[in-house]
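# Survey of secondary and tertiary structure
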Amino acid sequence: MTILPPALHLTTVDTKHTVRIEITGDIDYDTADLLLEKATAQLSGRPGLKDLHLHCAGIGIVDSMGLSILLMIGRRATAAQVRLHLDDRPAQLDRLLNITGTLDYFTATPPTGAAVTHRDAAEPPTTTRTAGAGRPTGPDTTT
């Protein structure tokens, strides 16, 4: 018996300056490119676009490819000077973003003129980063 992965369904609702992509299903190796194609088409095909909302409530599993695609959409939105919003994130997506250290990337308030991403415009960004020593960036040395 062959088990097929859950299908990814994307529904687009748009207005003059805003696009909302409702996501239902898994964002994984098999389906993530579909989301990237849809988001990229909206970013490149809408010169007056101000906000791109990814409605995440219906998301199931997000694997490393799915996370990579979300980050790529974030970079493309920033390049297009469009604010990316990850709306109604389920707990498992927040957990993945927190564990991978990418939650701040999607929720932090950017410098003036840059894109912003967060759960809801009325909700203040959250940060969960703890203070501590950073990872050394230079070569290993022993003396």
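As shown above, the structure is provided for reference.
Since the model is a prediction, treat every value here as computed from it, not as a measurement.

## Notes on the overall build of the protein
Within the protein, the secondary structure is distributed over 4 helices and 4 strands. Long-range contacts, defined here as pairs at least 24 residues apart, represent 67% of the contacts in the protein between residues at least 6 apart. Accessible surface computed for the protein: about 8,800 Å², of which carbon and sulfur atoms make up 55%.

## Here's the deal with helix 3 (residues 91–99)
Those residues of helix 3 that sit buried are Leu93, Asp94 and Leu97. Angularly, the buried residues of helix 3 cover 100° about the axis, an arc narrow enough to put them on a single face. For helix 3, the exposed residues lying more than 90 degrees away from the buried face are Ala91, Arg95 and Ile99. Those residues of helix 3 that are buried are in contact with strand 3 (51–62), helix 2 (64–79), strand 4 (83–87) and helix 4 (103–107). Phi turns positive one or two residues past the end of helix 3, at glycine 101, with a value near 75°.

What counts, and where the lines are drawn
Residues numbered from 1 in each chain as written. Predicted model: local features only at pLDDT ≥ 70, side-chain atom pairs only at ≥ 80, totals over all residues. Heavy atoms only, no water. Helix = DSSP H or I, 4+ residues; strand = E, 2+ residues; numbered from the N terminus. Contact = heavy atoms within 4.5 Å. Areas by Shrake-Rupley, 256 points an atom, 1.4 Å probe, with all protein chains shown as cover. Buried < 20%, exposed > 50% of the residue type's maximum accessible area, 1.4 Å probe, protein only. Arc of directions from axis to C-beta.

By themselves these figures say nothing about function.
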